[in-house]
Amino acid sequence: MKGRNTGWIRLLLTITLIIGMSSYANAGGKVYKVGLSLAITGPTSDAGNPYAKGVEDYFRFVNDTKLLGEDTIDCTIKDDQYQTDVTKRNFEDFLDQGIVFYLNYSTGSTLALKKDFDEVQIPVLPASFHAGNVEDSKYIFLPIASYSEQAVSLAEYVVKNHKGDKPKAAMFIHPSAFGRGPVSDVEKAVAAGLAMEIVEVVEHGNDLDNTAMLQRLMSKGVQYVICQTIQSPVATMLKDASRLSIIAKTFGENGKITFLGAHYTGGNDLIDLAGNAAENFLWTTSYTITSEPGPGTDAQLELAKKYGRDEKAANSHNYANGIMVAQVTTEVIRRAKEKGLEISRKTLYDELNAMNGDNSYQPPTTVGPVTYSLTDRAGVDSLQIYSVQQGKFRKIGEPITSEYMKKIK
Amino acid sequence: MSYFFQIVVSGVVVGSIYALAALGLVLVYKSSRVANFAHGQIIASGAFITYALTVWASIPIYISFFISMLITFLLAWSVERIFLRRLIGEPIISVIMVTIGLASILDGLIYLTPFGTKNFSFPLFLPAEPISIYGVSISWTQLVGVIITVVLIGGFSWFFKKSTVGISMRAVSDDQFASMSVGISVPSVFGLAWATAGLSAAAAGGIIGNITGLNFDTLHAFGVVVFPVVILGGLDSILGAVVAGIIMGLIQQFAGGYLDGNFGLNGTGEVLPYIILLIILLIKPHGLFGIHEIERV
Amino acid sequence: MAANRWLATGNFFITYKEEQRTFLTSLDRLIFSIFLSALFIWPIFFSLSRPYMLVINNILIAVIAVLGLNLVTGFAGLISIGHAAFVGVGAYTVASFSRVLGDSHFLITHMWPLLILAGGTAGAITGAIVGLPSLRLKHLYLAIATLSFQMIFEWVIKFMTFFNQGQTISVGRVTWFTGDIGRNDHYTFWYYVALVLIVLLGFGIRNLFKTRYGRALVAVRDNDRAADAMGMHPGFTKVYAFALSGFFAGVAGAVHAFLYKGAGIESFTLHHSITYLAMAIVGGLGTINGSFWGPAAIEILNLQVEKFSEYAANYLPSAMNLATALRPFTFGLVIVLFLMFEPRGIANWWRIVKSYTKTWPFRY
């Protein structure tokens, strides 16, 4: 039964391949298939929606401007409503279409499909920067520094800029692995000598009022809160903090709390939700953002304009996020092509792993180069710290990289 | 000590917002014995309509708040007219499932608008500086929220006690056949119950939207969050909803203030209401103020 | 004995035993046997792509779960809005073994039928515990009690490190007599497992309703006081209905964990509980064949809507919202339309077709 079955599948595959080949030949250039499955509706769709637009627009841009010559990239985008079961089906579907590169989205589905990625040996770029994604996996690459690295960097930033005694900090996290992941790494960094005290780790719910929690933190002398969650709970907390007038006006102000957050806590969405309460919030990410114009953001806005995206999507850091993963995908395909290699999962995987040293790639929308190797699974290692000033995120200093992350590995 | 009082104040504030959100459920249940699982979606639409009117149509928020209440009034009325009227007398599972189906339909409709996937926040229209008395602080938004809640709940209580329509609604909830025989139009009472529930949902949505910002996921979750509240208070009692709302708010705040982060526990405020709910269901299923009509097996 | 063993135009039972037969006529049995063998044979001759195989497996797993839900909600009349949590209990039983022993321990790779049974048992035990409020509660109150079980289940899984805080706990691939089940055979293999389970459980239910234990469920649903007077214990019957339904759900969950090679909380949320209820209603509450129609209808509807959305997205790329909003919208609409216009579900259409063909070419 089994043997016969595989025979049929092989036969079918060969037929599809033959048909596929002939259609490629007709089109003149080759078509490289890429798949993206993400939450366009359902939970976290506020991030997934602009992300999908970024990926879609950039691949269209590649095809329209003939960046790969006659060849084109055909990226299928599917909505999985943040449901792992649907992601799995989408992924199997993509495999049947013969994708050479896969873009994934949530932490949950990336972890759930980890084994599958290894089995079919396909390079994967998820939108989740969870450090656990790359554990025991050869094929998952994080686009930018992991949440852990972001949290540790923020902690280091606190230690470096804090005046006075050992700073006391708390962590405000999402009640899931996505939120809890970085906690242990920050604790490890503290154990490795980072001069900071983690007083408490708070997991939030759907709270309408965080007064009790904030007052408790105040009474314990907490001066810094590092957030690793999504925007909406942070916004509620900031509003409460602003009502209690305990938000530090300057970094580390005595008797007040300075709030800091990782990639998914910030961006324009936070300002949209929290309004004035977002002032002085410190946020870290590896992307350039449109409130700090530069060549990268100009390109981003131009792309959005070209494909008729609205203001909100064009200025979203998740739009930049989507563009960036599409750029990395295009870049590895371009490099493999340049070397005259056949484009396959294997060659693209090798190209990704070779992306370091002189070969590192600098996308216009990130603050540092993308580097991967067999040991370095995070793309952009440098992080930029932004702070909200008059309703806009503004750069603070130059991009930083974490020191303790190397020590605790 | 001010820590304690702050928690009490926050609990009462959160609780009265729960009460307002729960009010819509109680109103519908009181007259038509239907538990509305689409309530969260109506709350969310109320918040979104208020925002759209205030920001996009630049109507002053005081007016747009009332217009949106009017719109959800009509929306909920037509929902009842189109979907639920046919189901009068059907088994309860059908009615529950219809409201769940409605929730899904409204989800779909909201995804058609920008609100489905984007975040917004209301423009500030109240002073940002909180009111502080002896170290206990409350924001203007919360205070106004509480005042609106008190006014609305007072209004509804009066409406049910004194007005003819209110009394006929109570009559219907008591005995449909008897009220029909004295000339009350039962279907129109059901319609009215839904419509008033929609109205209170818009008010709740407006207030919650001002506190949390407009995020669809956060807003429609309130439809489920208020179930423990209404069960604790008794499904058909307005007073029950108020008392239970405040109790629930206090429990959540105290759990957050004293339990979390102390015994290796976290997020207890999330799950405690449901545990309490199960206990209430086992001990006193009709809630604190509900009518004793549960059949024992 | 009726004169014709192959055709029967009506109910001509003379003895009680005749009424108890599974198949009324030999023709029924023949058609059913052909249909069943077709289900077993087709994968050998015709190979579907993996995503479709996955959809079919999803349908089969949902069938097992909905059979259980139909027992408690359809036959016993107790509304359960926490069915996905029972399915989750089954899946997490398997996952716990995997967590303790490692994901390719002998017990998992070779003793997996035992683990499926263990999943069912764990589901049954939880079912009995959650069913306890039904001793006192009815209707809406019971529905809300099961809802709170769903919430507590989600919180426990997300909170406990043992359950990996809701993130996927991986479960290894299994071995059969033919050797390890590889990637290509995975879906076909679990198709057969699920199919065999459905046949076993389906006949189990069919036979259950020939015994006093099955009939007690219906009696309690229709009138529990009368059932009490007849000597049944309504409270016990309800708890037992929950336990039975929990068993089915647990089995479904265990198969789910093996099929997806892991268990994560995202597959067992409130949304899934609602989907199971929708499947039971669209199929037809209180019917066995409805438990097959419902999952198939809802899954295929989902797939079609998805296809249509993609098709529409090709033409209006910037209006992606429109295309993706369709899914919740149609899902809700189908539930509402069925409840308003065909509350007895697809099973009723099946009944009409059957009675029409039975008397064909005559009509009544």
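A quick note: this is a predicted structure, and the numbers were derived from the prediction, not measured.

## Quick look at the overall build of chain A
Looking only at helices and strands, one finds 14 helices and 13 strands in chain A. Taking 22 Å as the expected radius of gyration for a compact globule of 409 residues, we find that chain A reaches 22 Å, a close match to that expectation. By principal-axis analysis of the C-alpha atoms, chain A measures approximately 70 × 50 × 40 Å. Counting all 409 residues of chain A, 61% fall into the buried class.

## What to know about the packing of helix α4 (residues 83-101) of chain C against helix α6 (residues 112-131) of chain C
Residues and elements named next belong to chain C. Contact pair α4 / α6: the axes reach a minimum separation of 8 Å and the direction vectors enclose 135°. Classed by the angle they form, the pair α4 and α6 counts as oblique. Between α4 and α6 lies a crossing of right-handed hand. The residues of α6 that touch α4, namely those facing Phe86, Val89, Gly90, Thr93, Val94 and Phe97, are Leu115, Ala118, Gly119, Gly120, Ala122, Gly123, Thr126 and Gly127. A per-class count over the contact of α4 with α6 returns 7 nonpolar, 7 polar and no charged.

## Here we look at the interface of chain B and chain C
Contact with chain B, which involves 40 residues of that partner, is made by 41 residues of chain C. The set of elements that each furnish at least two residues to the side of chain B that touches chain C consists of α4 (92-112), α10 (222-233) and α12 (268-283) of chain B. Ranked by residues supplied to the side of chain B that touches chain C, first place goes to α4(B) with 17 residues. Class assignment for the residues of the side of chain B that touches chain C results in 27 nonpolar, 7 polar and 6 charged.

## Notes on helix α2 (residues 26-45) of chain C
In this model α2(C) runs 28 Å from its N-terminal to its C-terminal C-alpha over 20 residues, within 8% of the 28 Å that 1.5 Å per residue would give. Burial analysis of α2(C) places just 1 of its 20 residues in the buried class, which makes it a mostly uncovered element.

## What about the domain arrangement of chain A?
When the parts of a complex come together, some accessible area is lost, and that lost area is often taken as the interface size. Residue and element names in this part refer to chain A. What the domain assignment lists for chain A is domain 1 (2-145 + 293-376) and domain 2 (147-285 + 384-408). The partner domain 2 presents 17 residues to the 16 residues of domain 1 that form the contact. For the side of domain 1 that touches domain 2, the elements supplying multiple residues, two or more each, are α2 (45-64) and α12 (317-338). Its residues placed into classes, the side of domain 1 that touches domain 2 shows 5 nonpolar, 10 polar and 1 charged.

Calculation notes
- Residues numbered from 1 in each chain as written.
- Chains lettered and ligands numbered in written order.
- Predicted model: local features only at pLDDT ≥ 70, side-chain atom pairs only at ≥ 80, totals over all residues.
- Helix = DSSP H or I, 4+ residues; strand = E, 2+ residues; numbered from the N terminus.
- Rg over C-alpha atoms; globule rule 2.2 N^0.38 Å.
- Buried ≥ 20, exposed ≤ 12 C-beta atoms within 10 Å, placed from the backbone.
- Axes fitted to C-alpha atoms, helices over the stretch in contact; angles between N-to-C directions.
- Parallel < 35°, antiparallel > 145°, perpendicular 65-115°, else oblique.
- Left-handed = near helix turned anticlockwise from the far one by under 90°.
- Contact = placed C-beta atoms within 7 Å.
- Nonpolar A, V, L, I, M, F, W, Y, C, P; charged D, E, K, R; others polar.
- Expected span 1.5 Å × (residues − 1).
- Domains from an automatic or database assignment.

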